[in-house]
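# Fold and contact review
This is what each chain is made of:
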Amino acid sequence: MGQNIPMGLGRDQAVASGEGGSVIEGLIGEHGQRWLYRAWTEWMAARDWAELEANHTAPPTGVV
């Protein structure tokens, strides 16, 4: 069964945090859960550290 975590999807804004990352501008959402599952999928699919680094998703920018 797939995940149903669309809260805030396409309505919130990712902005630079000033510390090299991004933060999501919005009151409430499921962005943390979506990024956790995306990162977990990347970790599970990578055969080694080099592949994980090469295929790791960049922090979000713009509307998320």
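Above this text sits the structure in question.
Fair warning: this is a prediction, and the values are worked out from it, not measured in the lab. (Residues numbered from 1 in each chain as written. Predicted model: local features only at pLDDT ≥ 70, side-chain atom pairs only at ≥ 80, totals over all residues. Heavy atoms only, no water.)

## Topic: the overall build of the chain
As a reminder, the rule being used: In this description a helix means any DSSP run of H or I spanning at least four residues, a strand means any run of E spanning at least two, and both kinds are numbered starting from the N terminus. Each residue is assigned to one of three classes by its accessible area relative to the maximum for its type, calculated with a 1.4 Å probe on protein chains only: buried under 20%, partly exposed between the two thresholds, exposed over 50%. Here, two residues are considered to be in contact whenever any of their heavy atoms come within 4.5 Å of each other.
A tally of helices and strands in the chain yields two helices and three strands. If you line up the chain on its principal axes, its C-alpha atoms span 35 × 35 × 15 Å. Evaluated residue by residue, the chain yields a buried proportion of 20% over its 64 residues. Restricting to contacts in the chain with at least 6 residues of sequence separation, those with at least 24 account for 51%.

## Focus: the pairing of strand β1 (residues 13-16)
A regular strand places its side chains so that they alternate between the two faces of the sheet. So the rule is basically this: At least two DSSP bridges between two strands are required for those strands to pair.
Of the pairings in the sheet, the one linking β1 to strand β2 (residues 22-25) comprises four bridges and is antiparallel in character. From the neighbouring strand, V15 faces β2, where its bridge partner is V23. Linking two consecutive strands that pair antiparallel, namely β1 and β2, is a turn of five residues; a positive phi of about 85° is found at G18 within it. Relative to strand β3 (residues 62-63), β1 is paired through two bridges, and the arrangement is antiparallel. Each bridged residue has a counterpart across the sheet, and for A14 the counterpart in β3 is G62.

## Some details on a nonpolar patch on the surface
As a reminder of what qualifies: Patch membership needs two things, relative accessible area over 30% and no salt bridge, and members are linked within 9 Å if like-charged or within 5 Å if nonpolar (Val, Leu, Ile, Met, Phe, Trp, Tyr). Shrake-Rupley sampling with a 1.4 Å probe provides the accessible areas, and residues are treated as covered by the protein chains on show and by no other component. One speaks of a salt bridge when a side-chain nitrogen belonging to Lys or Arg is within 4 Å of a carboxyl oxygen belonging to Asp or Glu.
A cluster of nonpolar side chains, W40, W43, M44 and W49, forms an exposed patch at the surface whose accessible area comes to about 580 Å². With respect to the secondary-structure elements, W40 resides in helix α1 (residues 31-45). A relative accessible area of 52% means that W40 is categorised as exposed.

## A closer look at the sheet that holds β2
Spatially, β2-β1-β3 is the arrangement adopted by the three strands of the open sheet, whose pairing is antiparallel. Each edge of the open sheet carries a strand with a single partner, namely β2 and β3.

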